[in-house]
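So the chains spell out like this:
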Amino acid sequence: MGKESIATSFADSLAAIRSKLPETLQNPQVGIICGSGLSGLVGSFRETVIIKYEDIPGFSTSTVLGHRSELAFGLLGDGLGVPVVAMLGRFHCYEGHSLPSVVYPVRLMAKLGIKDLIITNAAGSLNPSIPVGTIVVIQDHLALPNLTGMNPLLGLKTSPNLPRFLPLSDAYSPALRRLAFLAAHKLQLPDEALAEGTYAWVSGPTYETPAEGRFLRTIGADVVGMSTVPEVVTGREEGLNVMVLSLVTNFVVIPESYRSIREEVHSELAGKKITPPEVQVVSHEEVLSIGKEKADVMRRLVECVVSTI
Ligand SMILES: O=P(O)(O)O[C@H]1O[C@H](CO)[C@@H](O)[C@H]1O
Ligand SMILES: Nc1nc2[nH]cnc2c(=O)[nH]1
C-alpha cells in the first residue's frame, strides 16, 4: 500500500470505530493485544463495545484457533476504570498476512490515543528454570527475521514524523515491568509465578526442531513464539510504552542426545534390542489448553497493571 492509501485507510478505520463508541470510550489510554487463548480478559471490561475486525476498513481477520477477530473497548480496573482497547486475536505472518497488515492495528491504536501497549502471548520455554505455566515479563528480544530482512519498519515511513532509524535498547518499558511485579505481589501470586526473560521471534508455523531449540537457547533466548516482536517494534516507533507478558504453554524439547538409529541397528544385528526413547511433540491444542488453565491469572495480572498505570 502506498503512503496515501495507508492514510486513507487509517482515516476510514478510525471513522468506522469512532462511530460505534460512546463518549466514555472515545479516548482509550491503554491498548492490549491478547495472545493465543488469552482473550478472556474482555470478561473484566465494563461498558464493553465489541467491533468485529471485518467491520473495520483496513483490518484483516485472524485465522488461528484461539484468536477471535474482534476489537473490544471498555473500562478496566478499579474505581471508575481506565478506558482501554483490546485486540481479541492478532495477526501472524505465517497466516499469510503481510507485516504492514500484522502491525496495522498497533498503528491504529496509537492513532486512537493509547500511551501504553500491553501485549500477551503463548510461548515455548527454552530455559529449564522457567516451567510451563510461568508468566515471563519480557525484558528483551531476539528477532532473527528482523535481522535478516523481515522487519516491520522496512519501506516507506507511514508518517513523516516517525523516526527512520529506531533504537531498541529500551524497547521494554522498565516502569511497566515494575508494575507487573508489583501487581503480582498485590495479587499474592507465588514468587515463581512471574519470571523475566528474552523472547525469540520466529516466523512459524513450524515449531522448533531440537537443533533449532538448542540454537535459540545458546544465543540467549528464554522463550520462543511466532508473534509479538513486530507489534513491539511498531509500538516503539509510534512512541508507546510497551510491556510483553508471555505465558509458557510448553517446553521446547531439547534432548541431551539424539536417538541413534545407527546404534539401534547395530545392537539389533548383535541380538540386543534397544527400546527407543519416547519423542515429545508439541501441539497448538496443548498451547490452548495451558492458556485456558492460566487465562485467569493473566487476566487478573493485566487488570491490576492497568489499574496502577
Ligand atoms: O503468539 P501467540 O499469538 O499468542 O500464539 C503462539 O501460539 C501459536 C502456536 O501454538 C503461535 O501463533 C504462537 O505465536
Ligand atoms: N515457535 C514457537 N511458538 C510457540 N508458541 C507456543 N509454544 C511455542 C513453541 O514452542 N514454539
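Residues numbered from 1 in each chain as written. Chains lettered and ligands numbered in written order. Predicted model: local features only at pLDDT ≥ 70, side-chain atom pairs only at ≥ 80, totals over all residues. Heavy atoms only, no water.

Labelled according to an unreviewed UniProt entry, the protein appears under the name Purine nucleoside phosphorylase, originating from Crepidotus variabilis. Taken from UniProt, the Sequence similarities (unreviewed entry) comment for the protein reads in full: "Belongs to the PNP/MTAP phosphorylase family." Its UniProt record gives the protein a comment under Function (unreviewed entry), which states: "The purine nucleoside phosphorylases catalyze the phosphorolytic breakdown of the N-glycosidic bond in the beta-(deoxy)ribonucleoside molecules, with the formation of the corresponding free purine bases and pentose-1-phosphate." (UniProt positions renumbered as here; feature names shortened; annotations may be inferred.)

Caption draft 1: Broad picture of the nonpolar core. In terms of nonpolar packing, the biggest core is built from 49 residues, with I17, F59, L71, F73, L108 and L117 touching the most fellow members. For this core, the element with the most residues is helix α2 (residues 99-112), which contributes nine residues. Contact partners of L108, with chain neighbours within four places excluded, come to F10, S13, L14, I17, I56 and F59. With 34 residues, the next largest nonpolar core counts I118, A295, L301 and C304 among its residues. (Core = buried A, V, L, I, M, F, W, Y, C linked by side-chain atoms within 4.5 Å. Buried < 20%, exposed > 50% of the residue type's maximum accessible area, 1.4 Å probe, protein only. Helix = DSSP H or I, 4+ residues; strand = E, 2+ residues; numbered from the N terminus. Contact = heavy atoms within 4.5 Å.)

Caption draft 2: Just the UniProt feature "domain: Nucleoside phosphorylase" (unreviewed entry) in the protein, in detail. Mapped onto this structure's residue numbering, the UniProt feature "domain: Nucleoside phosphorylase" (unreviewed entry) falls at residues 30-254. Span residues 30-254 is 22% helix and 30% strand, its end C-alpha atoms 38 Å apart.

Caption draft 3: The side chain of E264, seen in detail. Following the sequence through the fold, E264 ends up in helix α7 (residues 261-269). Polar contacts involving the side chain of E264 include one to the side chain of R259, which spans 2.6 Å. In this view, E264 contacts R259, I274 and P276; residues no more than four positions away in its chain are not counted. (Polar contact = N/O pair within 3.5 Å; in protein donor to acceptor, adjacent residues only side chain to side chain.)

Caption draft 4: Representation of the environment of L288. With respect to the helices and strands, the residue L288 is situated in helix α8 (residues 284-308). The buried category is assigned to L288, whose relative accessible area is 17%. Along the backbone, L288 and G37 are 251 residues apart, and their C-alpha atoms lie at a distance of 5.5 Å. Excluding anything up to four places from it in sequence, L288 contacts S36, G37, L65 and G66.

Caption draft 5: Local environment of the pairing of strand β9 (residues 241-251). The buried count for β9 comes to nine of 11 residues, which makes it a mostly enclosed element. For strand β5 (residues 116-125) and β9, the ladder comprises 10 bridges, and the chain directions are parallel. Following the sheet pairing, N121 is matched in β9 by S246. Across three bridges, the pairing between strand β6 (residues 135-143) and β9 is antiparallel. (Pairing = 2+ DSSP bridges.)

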